[in-house]
Amino acid sequence: MSVPSTAGSEELEELARFRQQWLEEVRGKKKASLPQDITTSTPAAPSSIQVAHPPPHSPPAHQSSHRRLSYGAPSSPPALKKASTSVAPAPFGPALQRAVEVYKKAVQHEQRAELDDALRLYRTAFRMDNNVDRAYHMVEEEMLRRTAASPSAAPPKTHHRKTSSTAGSIEVLAQGVQNIELDASHVPVAHVRGEGFVTGTLAGLISSWPGNLTFEAEDEQEGAPIEHLPDELLVMVLRLLDHTALERFGRVNRKARVVSLDASIWRPKVQRLLKPPQISDEEVFEALVLRYMTDYRRVYIEHPRVRYDGVYIAVCHYIRNGLGENVWVNHSHLITYYRYLRFLPDGQVLSLLANEELAPAQVIPLLKPTLRTKGFFIGTWYLDGTEVHIDDLLDPGSPETRYSFQMILDLHSRPLGRWNRLNFREYNSVHTGNGEAMPLALKNERPFWFSKVRSYA
C-alpha cells in the first residue's frame, strides 16, 4: 500500500524541479533581451514593461505570459509585442466576402425576430461557403479589437488586459443593442375595422408599404372598376371564398393583400375549423389564438389540423413468391394495395383497404358512411398536438365482430402543402371483450399523402 504513494510523491517532486528549471531558463532569456528592447522602444516603454510583469504571487499569469514569450524567436514583453503585431488579417476572397455579407444580414434578421428571412439567408450563406460562420466571427473579433484600440475608447490599463478587452466588448455590445430597431410584435393591416393583425415576414413587408393603397388598372384608359367598390363590400365578398381563392386574390397587388388579411375574413374560418376533435375539449379557443398574437391567418396556416377537403391515401407494395411449371424459374408477384382515410368534422373517420383492381378515381366518390364493402371500417378520431388517434375501427356490415382496430399517426407538412402527410406510428388489433391490444406488423405500410377532392370541400 505504501509503494504507490511513494511513486506519486517522487513524480510530484520531479515535476516541481522541472517547472523550477523552466521558469529560471525563461527568466534568464527575458533578462538577456530586456536591454535591447528598452534601447529601441519609445520613452514610455519602460513604464509599460514594468507594469506588464505579473506579480510573483500569481502563478497562472506567469505561466501564460512566459508560454507566449517562449514561442517567439526574439522574445519581448507583452506590451511591446502587442504593439508590433497589430496587423490586420489577410483579406478574404470575393466569394467569401459576399458570403460574409449575406451571413451578416441573416444575423440582423434574427436579431429582429424575422426568423424566416434569417433561415433563408443562413442557408444561402452556407451554400456560398461552408466556413462562412468562422469568417464572420473573425471579422467581428477584428472589429472589436479595432474598436477597443480606437482613441475614442477608454484607455486600457496595461496590468489588466483581460478587463480592458471585456469592457471594450461590453461597450460595443451596448452600442449594437441601441442600434437594433425593435419592431412591433404585430402590425395592424386591416383598414376596414382596424382589428386585423399580421406577424412574421409579412409584417415587415406591410409595415414598409404606404397607407394609401389602390387598385391600379393595367390600362389607364379603361380604369379598374373594383376601385369603386367600398372595402366593406369587398371584404364581404372575400368571406365567401375558400383559402386557395383568397390567397390568389391577395397576390394581385398590395391593396388586395392588405384587404385579404382582414380578421373578419379569417376568424370565421378558424372558428369553424378549430373545434373538437381538432382541438381538445379543455383547450380554449381564445388562448390558442393568443399564441399566434391574434393573427388568424397564421393560425389557419400553421396550427396543426386534419384536413377535411380531401382524402389521405397510402399506396403500399410487397412482393409475393409465385409458383410455375419450370422449377428453374422463380416467379415473383408485385402486389399493390391502397389504404384510404377520410376524416369527418363530426369525429368520424372512414377507413378503406382496397386492392389495385379498384383505382382511387373509382373509390373516392364512393367513400361515404353509407358504403358497405369488404375492408371498409368506421371509427372515431381526435387530434392531440400532431398525433392523430383513431379508435374503434369496426366493420359496419358485421356489428358482432370480436375485434376492432386502432391507429396512431403522426401529422406532418411536406414538401408542398400543409398537413398533407400521415406516418404510421402504431397499428393495433383490440379485442372488444377484454380490451387487449395486439400490435400489427407495419413492414409494408407506407405514409398517407393528402389528395384534395372538390366534392368534399
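Described in the following lines is the structure provided in the data block. (Residues numbered from 1 in each chain as written. Predicted model: local features only at pLDDT ≥ 70, side-chain atom pairs only at ≥ 80, totals over all residues. Heavy atoms only, no water.)

1. Description of the overall build of the protein chain
Here comes step 1: Scanning the protein chain from terminus to terminus reveals 16 helices and 11 strands.
Here comes step 2: Buried positions account for 33% of the 457 residues belonging to the protein chain.
Here comes step 3: If you sum the accessible surface of the protein chain, you get close to 29800 Å²; carbon and sulfur atoms cover 56% of it. (Helix = DSSP H or I, 4+ residues; strand = E, 2+ residues; numbered from the N terminus. Buried < 20%, exposed > 50% of the residue type's maximum accessible area, 1.4 Å probe, protein only. Areas by Shrake-Rupley, 256 points an atom, 1.4 Å probe, with all protein chains shown as cover.)

2. Quick look at the packing of aromatic side chains
Think of a pair of aromatic rings as described by two things: how far the centres are apart, and how the planes are tilted against each other in angle.
Here comes step 1: Enumeration over the complete set of coordinates arrives at 15 aromatic pairs.
Here comes step 2: Plain terms: the ring middles of Tyr 103 and Tyr 122 are 5.2 Å apart, the flat faces sit at 65 degrees to each other, and that makes the pair edge-to-face. Here the residue Tyr 103 occupies a position in helix α5 (residues 94–111), and Tyr 122 occupies one in helix α6 (residues 115–128), the gap between them amounting to 19 residues. Each member of the pair, Tyr 103 together with Tyr 122, is buried.
Here comes step 3: Taken together, Tyr 308, Tyr 312, Phe 343, Trp 381 and Phe 450 form an aromatic cluster joined through their ring pairs.
Here comes step 4: Geometry around Tyr 300 places Arg 305 over its ring, the cationic atom sitting 4.6 Å from the centre.
Here comes step 5: One residue, Arg 342, lies across the ring of Tyr 456, its end atom 3.6 Å from the ring centre. (Phe/Tyr/Trp six-rings, centres within 6.5 Å; stacked < 30°, edge-to-face > 60°. Lys NZ or Arg CZ within 6 Å of the ring centre and 35° of its normal.)

3. Topic: the nonpolar core
Here comes step 1: In this structure, Tyr 312, Leu 341, Phe 343, Val 388, Ile 390, Leu 409 and Leu 422 are the most contacted members of the largest nonpolar core, which totals 45 residues.
Here comes step 2: The greatest single-element share of this core, amounting to 5 residues, is contributed by helix α13 (residues 263–273).
Here comes step 3: Beyond its immediate stretch of four places on either side in the chain, Ile 390 contacts Leu 341, Phe 343, Val 349, Thr 380, Trp 381, Phe 405, Gln 406, Met 407 and Leu 409.
Here comes step 4: Counting residues in hydrophobic clusters, the runner-up holds 16 residues, among them Ile 313, Tyr 340, Ala 354 and Val 363. (Core = buried A, V, L, I, M, F, W, Y, C linked by side-chain atoms within 4.5 Å. Contact = heavy atoms within 4.5 Å.)

4. Examining helix α10 (residues 231–238)
Here comes step 1: Of the positions making up α10, those classed as buried are Leu 234, Val 235 and Leu 238. What you see down the axis of α10 is that its buried residues fit within an arc of 100 degrees, all on one side.
Here comes step 2: In the core, the buried residues of α10 are packed alongside α11 (243–250), α12 (254–260) and α13. (Arc of directions from axis to C-beta.)

5. Some thoughts on the pattern of salt bridges
Here comes step 1: Applying the stated criterion to the full structure yields 12 salt bridges.
Here comes step 2: Residues Arg 339 and Glu 445 are paired through a salt bridge, measuring 2.8 Å at the closest nitrogen-oxygen approach. Note that Arg 339 is positioned in strand β4 (residues 331–343) and Glu 445 in the loop between β10 (437–439) and β11 (448–452), a separation of 106 residues in sequence. Take Arg 339 and Glu 445: they sit in the same class, and that class is buried.
Here comes step 3: For Asp 410, the salt bridge goes to Arg 425, with nearest N and O atoms at 2.8 Å. With a gap of 15 residues between them, Asp 410 in strand β8 (residues 403–412) and Arg 425 in strand β9 (residues 421–431) connect regions that are remote in the sequence.
Here comes step 4: Judged by its relative accessible area of 41%, Arg 425 is partly exposed. (Salt bridge = Lys/Arg side-chain N within 4 Å of Asp/Glu carboxyl O.)

6. Overview of the side chain of Glu 247
Here comes step 1: For Glu 247, the location among the structural elements is in helix α11.
Here comes step 2: Within the structure, Glu 247 has its side chain in polar contact with the side chain of Arg 257 (distance 3.3 Å).
Here comes step 3: With residues near it in sequence (within four places) discarded, Glu 247 still touches Arg 257, Trp 266 and Arg 297. (Polar contact = N/O pair within 3.5 Å; in protein donor to acceptor, adjacent residues only side chain to side chain.)

7. Topic: the pairing of β8
Here comes step 1: Of the strand pairs in this sheet, strand β7 (residues 387–394) and β8 are connected by 5 bridges, and their pairing is antiparallel. Within β8, the position partnered with Glu 387 by the bridge is Asp 410.
Here comes step 2: Here β8 pairs with β9 via 10 bridges, running antiparallel. Bridged to His 412 within β9 is Arg 421. (Pairing = 2+ DSSP bridges.)

8. Observations regarding the environment of Pro 277
Here comes step 1: The residue Pro 277 is located in the loop between α13 and α14 (285–291) in this model.
Here comes step 2: Given the relative accessible area of 11%, Pro 277 is considered buried.

9. Focus on the pairing of strand β3 (residues 310–322)
Here comes step 1: Bridge analysis of β3 against β11 gives 4 bridges, and the strand direction is antiparallel. From the neighbouring strand, Val 311 faces β11, where its bridge partner is Ser 451.
Here comes step 2: Inspection of the sheet shows β3 paired to β4 by 11 bridges, in the antiparallel sense. Bridge pairing in β4 links Cys 316 to Tyr 337.

10. A word on the packing of α5 against helix α7 (residues 132–149)
Helix-helix packing is described using two parameters, namely the angle between the two axes and the distance between the axes.
Here comes step 1: Interhelical geometry of α5 versus α7 gives an angle of 80 degrees and a closest axis separation of 9 Å. Relative to α7, α5 is oriented roughly perpendicular. Where α5 abuts α7, its residues Leu 96, Ala 99, Val 100, Tyr 103, Lys 104 and Val 107 lie against Val 132, Asp 133, Ala 135, Tyr 136 and Glu 140.
Here comes step 2: Here the residues of the contact of α5 with α7 are counted per class, giving 8 nonpolar, no polar and 3 charged. (Axes fitted to C-alpha atoms, helices over the stretch in contact; angles between N-to-C directions. Parallel < 35°, antiparallel > 145°, perpendicular 65-115°, else oblique. Nonpolar A, V, L, I, M, F, W, Y, C, P; charged D, E, K, R; others polar.)

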